[in-house]
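Structural overview
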Amino acid sequence: AADPAVISPQDPTLLIGSSLVATCTVSPDFPLKAEDLYWTLNGRRLPAASYAALGPSTLSVALARLNGSRQQSGDNLVCHSRDGGILAGSCLYVGLPPEKPVNITCWSKNMKDLTCKWAPGTEGETFLHTNYTLKYKRRWYGQDNTCQEYHTAGTYSCHIPKDLALFTPYEIWVEASNRLGVAVSDVVMLDILDVVTTDPPSDVHVSRVGDLEDQLSVRWSSPPALKDFLFQAKYQIQYRVEDSSEWKVVDDVGNQTSCRLAGLRPGTVYFVQVRCNPFSIYGSKKAGIWSDWSNPTAASTPRSERVAGGCDPKGGEQNTTLRRELKQFFGWVKKHAYGCSNLGIKLYDQWRVWLQKSHKTRNQV
Amino acid sequence: GDSWGIFTFLCAALCNLPALPALNCSEELGAGQSIQQTYDLTRYLEHQLRTLAGTYLNYLGPPFNEPDFNPPRLARAERVPSATVDLDLWRGLTDNARLAANYRAYSRLLCYLRVLDGQVGTAELRHRLAHFCASLQGLVLSIGGVMSSLGYPLPTGPAGPPAPPGAPAAPNDFLKKMDDFWLLKELQTWLWRSAKDFNRLKKKVPPAVVTLRLEARGF
């Protein structure tokens with residue numbers, strides 16, 4: 001059995017702002033005439049003023065200055081019979097050709113793969129479905145390769161998991177295409193070794209430094225890939241107080257896997273993160289790309305056993321400094337006075353107790 | 001061995017269903033539990049479909065996403081066996097026929113949905129469709145499991161090709177949208193009907209299964 005009616009053009013593609021005249025011709029098997037028909041566009045009835053009967057069973061409609069399609073599956077232009085029944089439909093694809101994708105940035109995890117992301121040329125690319133294809137080839141030789149794994153780092157991204165050569169420049173570009181045309185981005189040239197990043201450091205531990213109130217010790221392990229890949233690592237630490245959003249960055253950590261934070265507030269919880277940058281890859285002097293920050297680790301600085309009230313602030317401060325130095329001394333004694341270590345500890349504890357008592361009596365006045 | 005069989009039968013006859021788990025008859029329990037699980041799965045899919053259909057119909061655009069939309073089913077070959085069936089016919093279905101109808105329908109529906117997945121535009125829709133297809137695959141396997149545990153053979157035949165001969169792909173994009181609309185509608189109707197099918201099976205199966213076991217033992 002034939003379809004009740006035929007629309008022309010069927011499923012056209014049009015530029016925004018263009019005009020269109022569509023016709024609906026009823027099949028000879030159906031007893032309908034031009035005056036029995038009407039049109040809707042996306043469910044809304046079109047004004048009869050835009051209709052014209054082109055024959056006994058053919059009705060046309062004129063659409064002017066079309067806007068971009070309401071949905072990417074196409075605008076629904078439908079020819080109805082008087083009672084509302086659907087006779088035929090046509091999907092209108094109205095939009096703009098794509099523009100060159102821009103801002104291509106790539107990075108390689110441990111020199112094993114390559115992930116690239118880009119931005120679409122314009123906002124206007126949402127009316128029509130736009131396909132993006134990332135292509136790459138080795139400069140001077142080799143054929144074009146197409147990236148297959150999309151959306152790994154956001155909508156406009158692609159991941160190349162293997163078969164990448166080192167010590168050779170690559171040409172990378174993105175092609176955007178939709179029903180109205182194609183656009184190719186500028187070519188980006190890079191060597192995998194120039195865009196290397198690695199995993200964040202693992203096993204980040206933050207601990208107190210004895211009883212020191214203004215210091216915390218941070219320790220971490222270098223990312224496992226480091227020993228396999230002949231690069232060195234430099235690290236960065238950032239830390240913040242629990243209820244603040246301002247991070248303090250420690251930049252000059254170098255390639256050690258521990259660091260002491262100083263000048264901190266006593267009795268405060270701190271969040272600490274560490275990240276890693278692989279540099280001097282195969283001996284080059286260049287830096288790589290910073291890894292993600294490690295998951296935040298929390299620790300708190302000790303609070304001195306001072307009774308609240310502090311009516312003698314200056315004296316109190318002096319005592320704190322003195323105590324700190326004494327503690328450090330006794331700590332040292334504990335470590336180095338082998339023969340009398342037991343004696344040292346006991347004496348130290350007793351001294352601390354005596355110190356607490358004397359503080360209390362002093363501040364009670 | 002024989003006395004165990006009699007004991008099982010008497011227990012099932014005299015006790016309520018919940019008492020069955022007290023007996024160590026894991027295979028019989030398997031069918032009952034599978035039917036319950038299949039029922040639960042159809043309800044879950046029904047729920048999932050509501051969200052999927054909403055998103056997909058919005059993608060198709062008005063009038064497809066309007067609540068009273070009812071386009072003609074144009075004279076094209078029926079791709080999926082319809083869920084709607086005469087009430088007396090439905091009541092009279094044997095357990096095997098009932099299960100087989102469900103199995104065939106969902107196998108076909110799964111094929112068509114998978115084709116859809118390959119064509120659809122937005123990433124969100126593809127993601128939802130993929131998730132739904134995985135769940136639907138689970139339902140087909142679950143129904144197959146019930147049939148096996150009851151000793152019924154799995155239906156063979158055209159569960160494979162997505163566009164079997166006699167039902168060509170839609171000739172234009174608008175007709176394809178209509179096909180997609182009816183596919184979702186048929187899926188909705190089948191899930192609604194399956195819940196009733198499995199409810200019916202739930203009540204009928206356990207004693208019948210025990211009888212089967214006794215038959216196997218030569219009683």
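Definitions and limits used
- Residues numbered from 1 in each chain as written.
- Chains lettered and ligands numbered in written order.
- Predicted model: local features only at pLDDT ≥ 70, side-chain atom pairs only at ≥ 80, totals over all residues.
- Heavy atoms only, no water.
- Helix = DSSP H or I, 4+ residues; strand = E, 2+ residues; numbered from the N terminus.
- Buried < 20%, exposed > 50% of the residue type's maximum accessible area, 1.4 Å probe, protein only.
- Contact = heavy atoms within 4.5 Å.
- Buried area = accessible area lost by both parts, 1.4 Å probe.
- Salt bridge = Lys/Arg side-chain N within 4 Å of Asp/Glu carboxyl O.
- Nonpolar A, V, L, I, M, F, W, Y, C, P; charged D, E, K, R; others polar.
- Domains from an automatic or database assignment.
- Pairing = 2+ DSSP bridges.
- Axes fitted to C-alpha atoms, helices over the stretch in contact; angles between N-to-C directions.
- Core = buried A, V, L, I, M, F, W, Y, C linked by side-chain atoms within 4.5 Å.
- Phe/Tyr/Trp six-rings, centres within 6.5 Å; stacked < 30°, edge-to-face > 60°.
- UniProt positions renumbered as here; feature names shortened; annotations may be inferred.
- pLDDT = per-residue confidence, 0-100.
- Disulfide = S-S within 2.5 Å.

1. Some words on the overall build of chain A
- Along chain A, the regular secondary structure elements total 3 helices and 26 strands.
- Across the 365 residues that make up chain A, the buried fraction comes to 44%.
- Considering only contacts in chain A between residues 6 or more positions apart, those separated by 24 or more positions represent 63%.

2. Re the interface of chain B and chain A
- With 21 residues of chain B in contact, the opposing surface of chain A contributes 23 residues.
- Interface area for chain B against chain A, summed over the two sides, is near 1,600 Å², with a carbon-plus-sulfur share of 60%.
- Broken down residue by residue, the surface that chain B buries against chain A is led by Pro62, Asp173 and Phe174 of chain B, which jointly contribute 35%.
- Counting the contacts that link chain B with chain A gives 0 salt bridges.
- Breaking the side of chain B that touches chain A down by element, the ones donating at least two residues are helix H2 (26–60) and helix H6 (173–216) of chain B.
- Tallying contributions element by element places H6 of chain B first for the side of chain B that touches chain A, with 4 residues.
- Looking at the side of chain B that touches chain A, its residues break down into 12 nonpolar, 5 polar and 4 charged.

3. A word on the domain arrangement of chain A
- When its domains are assigned, chain A resolves into domain 1 (5–95), domain 2 (102–194) and domain 3 (198–301).
- Put simply, the middle of domain 1 of chain A and the middle of domain 3 of chain A, counted by C-alpha atoms, are 65 Å apart.

4. Overview of the sheet that holds strand S21 (residues 216–221) of chain A
Residue and element names in this part refer to chain A.
- Spatial ordering of the open sheet is given by S20-S21-S24, a layout of 3 strands whose pairing is antiparallel. The sheet terminates laterally at strand S20 (202–208) and strand S24 (258–261), the two strands that pair on one side only. Each strand of the sheet is rotated relative to its neighbour by a mean of 15°, with strand direction disregarded.
- Bridging between S20 and S21 involves 5 bridges; their strand directions are antiparallel. Each bridged residue has a counterpart across the sheet, and for His205 the counterpart in S21 is Arg219.

5. So, the nonpolar core
- Tyr106, Leu113, Phe132 and Leu136 of chain B are the most contacted members of the largest nonpolar core, which totals 55 residues.
- With 14 residues, the top contributor of residues to this core is H6 of chain B.
- Setting aside chain neighbours within four positions, we find Leu113 of chain B in contact with Leu129, Phe132, Cys133, Leu136, Leu183 and Leu187 of chain B.
- If you look at the next biggest cluster of nonpolar residues, it comprises 26 residues, including Val206, Trp220, Cys259 and Leu261 of chain A.

6. What to know about the packing of aromatic side chains
- All chains considered together, the criterion is met by 12 aromatic pairs over all chains.
- Plain terms: the ring middles of Tyr136 of chain A and Tyr170 of chain A are 6.3 Å apart, the flat faces sit at 50° to each other, and that makes the pair tilted. With a gap of 34 residues between them, Tyr136 of chain A in strand S12 (residues 131–138) and Tyr170 of chain A in strand S16 (residues 169–178) connect regions that are remote in the sequence.
- On the basis of relative accessible area, Tyr136 of chain A is assigned to the buried category, the value being 10%.
- The class for Tyr170 of chain A is buried, based on a relative accessible area of 3%.
- With a centroid separation of 5.1 Å and 80° between ring planes, the pair formed by Phe69 of chain B and Phe181 of chain B is classed as edge-to-face. With a gap of 112 residues between them, Phe69 of chain B in the loop between H2 and helix H3 (87–91) and Phe181 of chain B in helix H6 connect regions that are remote in the sequence.

7. Quick notes on the UniProt feature "domain: Ig-like" (unreviewed entry) in chain A
- When the UniProt feature table is mapped onto this chain numbering, "domain: Ig-like" (unreviewed entry) sits at residues 4–79 of chain A.
- Segment residues 4–79 of chain A splits into 0% helix and 49% strand. End C-alpha atoms: 10 Å apart.

8. Section: the confidence of the model for chain A
- Taken as a whole, chain A shows an average pLDDT of 85; of its residues, 83% reach a score of 70 or greater.
- Across residues 307–318 of chain A, confidence stays below pLDDT 50; counting only partners more than four residues off in sequence or on other chains, it has 2 contacts.

9. Comments concerning the state of the cysteines
All names here are of chain A.
- Per the stated rule, a full pass over the model turns up 3 disulfides over all chains.
- Across a sulfur-sulfur distance of 2.1 Å, Cys106 and Cys116 are joined as a disulfide pair. A torsion of 105° about the S-S bond marks the disulfide between Cys106 and Cys116 as right-handed. Highlighted residues: Cys106 in strand S10 (residues 102–109) and Cys116 in strand S11 (residues 114–119), separated in sequence by 10 residues.
- A residue is classified by how much of its surface remains accessible, and Cys106, at 7% relative accessible area, is buried.
- A relative accessible area of 0% means that Cys116 is categorised as buried.
- The partner cysteine of Cys147 in its disulfide is Cys158, sulfur to sulfur 1.9 Å. Measuring the twist about the S-S bond at about -100°, one finds the Cys147-Cys158 disulfide to be left-handed. Of the two residues, Cys147 is situated in the loop between strand S13 (145–146) and strand S14 (149–150) and Cys158 in strand S15 (residues 157–160); the sequence distance between them amounts to 11 residues. We note that Cys147, like Cys158, is buried.
- The connectivity of the disulfides in chain A is 1-2, 3-4, 5-6, where the numbers refer to bonded cysteines in sequence order.

10. Comments concerning the sheet that holds strand S7 (residues 58–63) of chain A
Residue and element names in this part refer to chain A.
- Spatial strand order, S1-S3-S7-S6: 4 strands in an open sheet with antiparallel pairing. Of all strands in the sheet, those with a lone pairing partner are strand S1 (5–8) and strand S6 (51–55), marking the two edges. Averaged over all neighbouring strand pairs, the angle between strand axes comes to 25°, with direction disregarded.
- Taken together, the 4 bridges between S1 and strand S3 (residues 20–26) define a ladder with antiparallel strand orientation. Residue Ala5 lies in a different strand from S3, and its bridge partner there is Val26.

11. Observations concerning the side chain of Ser294 of chain A
- With respect to the helices and strands, the residue Ser294 of chain A is situated in the loop between strand S25 (269–279) and strand S26 (297–300).
- For Ser294 of chain A, a relative accessible area of 5% corresponds to the buried category.

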